[in-house]
Protein chains: 2
Amino acid sequence: MTPDNDDSSGNVYHGLRETVTPPDRQVVADILLSTGVFFDSEIAIGVELLDERLAKGPSSGYHFVFAIQDGREVGYACYGPIPLTRGSYDLYWVAVCKEAQQQGLARRLLRAVEQRIAEAGGRIVYIETSSRTPYAAARAFYRRCGYEQVAVLRDFYAPGDDKVIFAKGVDRPAT
Amino acid sequence: MTPDNDDSSGNVYHGLRETVTPPDRQVVADILLSTGVFFDSEIAIGVELLDERLAKGPSSGYHFVFAIQDGREVGYACYGPIPLTRGSYDLYWVAVCKEAQQQGLARRLLRAVEQRIAEAGGRIVYIETSSRTPYAAARAFYRRCGYEQVAVLRDFYAPGDDKVIFAKGVDRPAT
């Protein structure tokens, strides 16, 4: 765990953790459920990525960062290199549980992910999300964090539910 | 195998096969290698998808169609439903070996895939490809087959090597 208590918002922030253990299956499920945004099938996929990581280690291509507050995991991000690319990464998830939102934790997780990716030689981070209304706050958040909307795939998830793709270069100074 | 000898180009066309057996690992590798377009790492992924299919069956999410000419597999397509979507499919590969090109086999494979997807309730087929020059003929081919370029992700594969995304609705009559 990285001690990291300099949150300028004044909230007590206790750190990040990048190791992954089996109890994190429940942690991930609880965080995703608490947001109220994700379908059950999406939560299942979130846990599946953690299972892949537990089974195969870093070679799974799935990396996790957990945000800890008062000794409890209140948010996490999952990212990894995109196969067959040189330096492109996907941010698969960034989620903070309901009670810990509005404290800058998601931004902090995102910054940590971007830093890890840049350190690993990554060039670009991609985020794919839905055009549905429950994701409007997420899309605004990605824009505030310097992500640019680079594509919209109409009706990708379902009729009327587009895929929106955001991208940010991380070999440039972070915003 | 589906007998199918009505190719209007006048070439003898012997059929399609959708079953998958272990010797198809070599078939897939040979076809991809013969095109001269793919990196070794891409060929490895092509074979990996076949391995997934052999290991898990249709629930792998990878479906194959082989084109047979004179008793030999000369081309194939691989496609599957995109997880977390309702009716979106990816065409992962369509490839015809060098000696059998220019006979309409790729188009026939693509049509077979679109028909299978439509029958399975699919709505949209996506094809992702590279902006590099060796893929120019493939991109022109997709356009001729009714695919529309819906997105370009700059520098996705590598600096100067964009991802180009094509899409086609298959619940409409095929073109």
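Heads up: the structure comes first, above all this text.
Note that residues are indexed from 1 along each chain, following the sequence as it is written. To read the labels, note that chains go from A and ligands from 1, taken in the order they are written. Local features in this predicted model are restricted to residues of pLDDT 70 or higher, and side-chain atom pairs are both shown and tallied only at a pLDDT of 80 or more, whereas totals for entire chains, interfaces and linings draw on every residue. The basis for the side-chain values is all heavy atoms of the structure; hydrogens and waters are excluded.

### Quick notes on the overall build of chain A
Inference 1: Along its length, chain A carries four helices and seven strands.
Inference 2: Its helices and strands in sequence order give chain A the pattern β-α-α-β-β-β-α-β-α-β-β, from N to C terminus.
Inference 3: C-alpha atoms define the radius of gyration in this analysis, and the globule rule sets the expected value at 2.2 Å times the number of residues to the power 0.38. Its C-alpha radius of gyration of 15 Å places chain A within 12% of the 16 Å reference for a compact globule of 175 residues.
Inference 4: For the C-alpha atoms alone, the extent of chain A along its principal axes is close to 40 × 35 × 35 Å.
Inference 5: The rule is simple: take the accessible area with a 1.4 Å probe, protein chains only, and divide by the maximum for that residue type; under 20% is buried, over 50% is exposed, in between is partly exposed. Residue burial in chain A is summarised as follows: out of 175 residues, 52% are buried.
Inference 6: Should any heavy atoms of two residues lie within 4.5 Å, those residues are considered in contact. By sequence separation, contacts in chain A at least 24 residues apart represent 58% of the contacts at least 6 residues apart. In this text, helices come from DSSP runs of H or I with a minimum length of four residues, and strands from runs of E with a minimum of two, each type numbered from the N-terminal end.

### Regarding the pattern of salt bridges
Inference 1: What makes a salt bridge here is a side-chain nitrogen of Lys or Arg within 4 Å of a carboxyl oxygen of Asp or Glu, nothing more. Scanning the model with the defined rule gives 20 salt bridges over all chains in all.
Inference 2: Notably, a salt bridge pairs Glu114(A) with Lys168(A), separated by 3.1 Å at the nearest N-O pair. In this pair, Glu114(A) sits in helix H3 (residues 105-119) while Lys168(A) sits in strand E7 (residues 161-169), placing the two residues 54 residues apart along the sequence.
Inference 3: Taking the shortest distance from any N to any O, the salt bridge between Asp162(B) and Arg154(B) comes out at 2.7 Å.
Inference 4: With relative accessibility at 57%, the residue Arg154(B) sits in the exposed group.
Inference 5: Counted as one network, the salt bridges with shared partners bring together Arg17(A), Asp24(A) and Glu73(A).

### What about the pairing of E7(A)?
Residues and elements named next belong to chain A.
Inference 1: Burial analysis of E7 places nine of its nine residues in the buried class, which makes it a mostly covered element.
Inference 2: The side-chain alternation of E7 yields two buried faces, one formed by Asp-161, Lys-163, Ile-165, Ala-167 and Gly-169 and the other by Asp-162, Val-164, Phe-166 and Lys-168.
Inference 3: Strands were regarded as paired on the criterion that DSSP finds at least two bridges between them. Where strand E6 (residues 148-158) meets E7, six bridges bridge the pair, whose relative direction is antiparallel. Residue pairing for E7: Gln-149 is matched across the bridge by Phe-166.
Inference 4: Between E6 and the antiparallel strand that follows it, E7, lie two residues; Gly-160 among them carries a positive phi value of about 85 degrees.

### Details of the interface of chain A and chain B
Inference 1: On the side of chain B, 22 residues touch chain A, which itself brings 22 residues to the contact.
Inference 2: As a working definition, buried area equals the accessible area (1.4 Å probe) given up by two parts on being put together, with both sides summed. For the pair chain A and chain B, the two sides together bury roughly 1800 Å², of which 69% comes from carbon and sulfur.
Inference 3: Together, Leu84(A), Leu153(A) and Phe156(A) form the three largest contributors to the area buried by chain A at its contact with chain B, with a combined 31%.
Inference 4: Polar contact criterion, stated in full: a pair of N or O atoms within 3.5 Å, where within protein one must be able to donate a hydrogen and the other to accept it, and residues adjacent in sequence count only if both atoms are side-chain atoms. If you look at where chain A meets chain B, you find six residue pairs in polar contact (both at pLDDT 80 or more).
Inference 5: If you list the elements that add at least two residues to the side of chain A that touches chain B, you get helix H2 (40-56), strand E5 (124-130) and E6 of chain A.
Inference 6: Per-element tally for the side of chain A that touches chain B: the top contributor is E6(A), with nine residues.
Inference 7: Looking at the side of chain A that touches chain B residue by residue, the classes come out as 14 nonpolar, three polar and five charged. All residues other than Ala, Val, Leu, Ile, Met, Phe, Trp, Tyr, Cys, Pro, Asp, Glu, Lys and Arg, Gly among them, are scored as polar; the first ten of these are nonpolar and the last four charged.

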